[in-house]
Amino acid sequence: MACVVVVGTQWGDEGKGKIIDLLAEFADVIVRFQGGSNAGHTLVVEGEKFIFHLMPSGILHKGKTCIIGNGVVVDPKVLIEEIDQLKEQGYLQDDSQFLLSEQAHVIFPYHKQIDKGRERIRSGKIGTTGRGIGPAYEDKVARDGIRFVDFSDEEVLRKKLEANLAQKNYYLTHVLGEEGLELEPLYQEYMQYGTRLRQHVTNTSLFLAQQIREGKQILFEGAQGTLLDVDHGTYPYVTSSNTVAGNACAGAGIGPTQIDLVMGISKAYTTRVGGGPFPTELSDEIGEMLREKGGEYGATTGRPRRCGWFDAVVVRHAVRVNGLGGLAITKLDTLSGLKTIKVCTAYQVGDDVITEFPASSELVARCQPVYEELQGWHEEISAVKEVSQLPPAAQRYLERIEELTQTPIHIVSIGAQRDETIIRHNPLLS
Ligand code: IMP
């Protein structure tokens, strides 16, 4: 298949990085289309751990083009650090391997200051990553944003930055009680970043159109997860972008008719980091066991992730709003050793049983999960090569997820390493 979109089906951290890295071997181009350095994609290659916040997870493969699309908000400092680190480790030797959209918006220090300052005074805390994501998207929609194309004209950049600083400094000092910023050092610093990144900045939509015409395999890499989508997630406890597959088009500059398949990534249980409702959350020793065994600590902020059972209501919602054609189930190995495993099939609110995810976060907070109990398994499973070699209870667990979500499981991940994966169906090979 030519164009495949991969998205998270829960609250992010589903293990997308590993699956993208794996699929990237069969792709020519890997594209990020939304979010920014709030993301933290962890990859383990030959025992070495890599965490990327901005770089598409395909960057560890030679000969692939990695793109940051127009829908991403980019902190140039973080991006340059990632480029430098990759080069030091022997990757990204060819600069043309990485392209950055000229239309992508730039994150400035005031975005981060506003993000953190607002979070400090907000009553219902979202628990943002503090990376300036929300304020940068606000500027984009308010038509105040600064884009990489603006770095091509020093005067344009200076004028825009000056106008922005006038507003931001007022807000920072008068509303948030923070320090304001000076134009000249900020301008000089960012001009340097612009110069450093110039060779990568281009019309990535045009590049993608050419690649599609040539029949190249393209992988679109979603960040965060469906329940963090600004429209379809647990608003207002969400991120500020559309994380759903539809945004691969707007965020990369391609048309919806170009997408051939959307694959959803689901963890075999559920995690969430930051505030907001989470019906299947476990605050007992099982939740603790999932956190420790699954290494459930944020890749960007290091915060402990909240852990709970697999929620089929959530994943069914993701199947619908993304149009998922297949699932990859990750971290199945973390569940080994549990006597029984619960799966949430519906929610109980008062006398009502609901099977669709509610729009109101207040209502979600009152939802009690309706559980089905399945048998667990004690064997460690990371060396297994086929689904049929998994313990029968693990096979049944996967079947039940397929039944409840009405979606076939194409990939099962049973460890952090590339080879600890069962690929039943590779969407890029069909
Ligand atoms: P923001 O994206 O930094 O504005 O944070 C908004 C919410 O999304 C917070 O609850 C964050 O913890 C969450 N979030 C943002 N990025 C990620 C991610 O990559 N994985 C998991 N949660 C995330």
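Residues numbered from 1 in each chain as written. Predicted model: local features only at pLDDT ≥ 70, side-chain atom pairs only at ≥ 80, totals over all residues. Heavy atoms only, no water.

1. Some thoughts on the environment of C3
1) Next: With respect to the helices and strands, C3 occurs in strand 1 (residues 3-8).
2) Next: Along the chain, C3 and A27 lie 24 residues apart, while their C-alpha atoms are 9.1 Å from each other.
3) Next: Discounting residues that sit within four places of it in the chain, C3 has contacts with I212, I218, F220, Q258, I259, D260 and L261. (Helix = DSSP H or I, 4+ residues; strand = E, 2+ residues; numbered from the N terminus. Contact = heavy atoms within 4.5 Å.)

2. With respect to the sheet that holds strand 15 (residues 326-330)
1) Next: The sheet built from ten strands is open, its strands ordered 9-7-5-2-10-1-11-15-19-20 with mixed pairing. Two strands lie at the open edges of the sheet, namely strand 9 (201-202) and strand 20 (421-423), each paired on one side alone.
2) Next: Looking at chain direction, strand 19 (residues 409-413) and strand 20 are connected through three bridges and run antiparallel. Paired with I411 across the bridge in strand 20 is I423.
3) Next: Where helix 7 (residues 204-213) meets the sheet, it contacts strand 1, strand 2 (29-32), strand 5 (65-68), strand 7 (98-101), strand 9 and strand 10 (218-221), and its direction lies at approximately 140° from that of strand 5. (Pairing = 2+ DSSP bridges. Axes fitted to C-alpha atoms, helices over the stretch in contact; angles between N-to-C directions.)

3. Thoughts on the pairing of strand 5
1) Next: Of the two faces of strand 5, the one holding T65 and I67 and the one holding C66 and I68 are both buried throughout.
2) Next: As defined by bridge partners, strand 2 adjoins strand 5 across four bridges and the pair is classed as parallel. From the neighbouring strand, I30 faces strand 5, where its bridge partner is C66. (Buried < 20%, exposed > 50% of the residue type's maximum accessible area, 1.4 Å probe, protein only.)

4. Brief notes about the domain arrangement of the protein chain
Bring the parts together and some accessible area is lost; that lost area is often taken as the interface size.
1) Next: Under the domain assignment, the protein chain is made up of domain 1 (3-101 + 200-261), domain 2 (105-197) and domain 3 (265-423).
2) Next: Computed over C-alpha atoms, the centres of domain 1 and domain 2 are 23 Å apart.
3) Next: Contacts between the two partners involve 27 residues from domain 1 and, on the opposite side, 20 residues from domain 2.
4) Next: For the pairing of domain 1 and domain 2, the buried interface totals around 2000 Å² over both sides, and the portion due to carbon and sulfur atoms is 63%.
5) Next: Taken as a group, V73, P76 and I80 account for 27% of the area that domain 1 buries against domain 2, more than any other trio of residues on that side.
6) Next: At the junction of domain 1 and domain 2, the tally comes to two salt bridges.
7) Next: With a closest N to O distance of 2.8 Å, R196 and D84 form a salt bridge.
8) Next: Joining domain 1 to domain 2, the criterion identifies eight residue pairs in polar contact (both at pLDDT 80 or more).
9) Next: At the level of secondary structure, the elements contributing two or more residues to the side of domain 1 that touches domain 2 comprise strand 6 (73-74), helix 2 (76-88) and strand 7.
10) Next: Among the elements that make up the side of domain 1 that touches domain 2, the one with the highest residue count is helix 2 (six residues).
11) Next: The residue makeup of the side of domain 1 that touches domain 2, split by class, is twelve nonpolar, twelve polar and three charged. (Domains from an automatic or database assignment. Buried area = accessible area lost by both parts, 1.4 Å probe. Salt bridge = Lys/Arg side-chain N within 4 Å of Asp/Glu carboxyl O. Polar contact = N/O pair within 3.5 Å; in protein donor to acceptor, adjacent residues only side chain to side chain. Nonpolar A, V, L, I, M, F, W, Y, C, P; charged D, E, K, R; others polar.)

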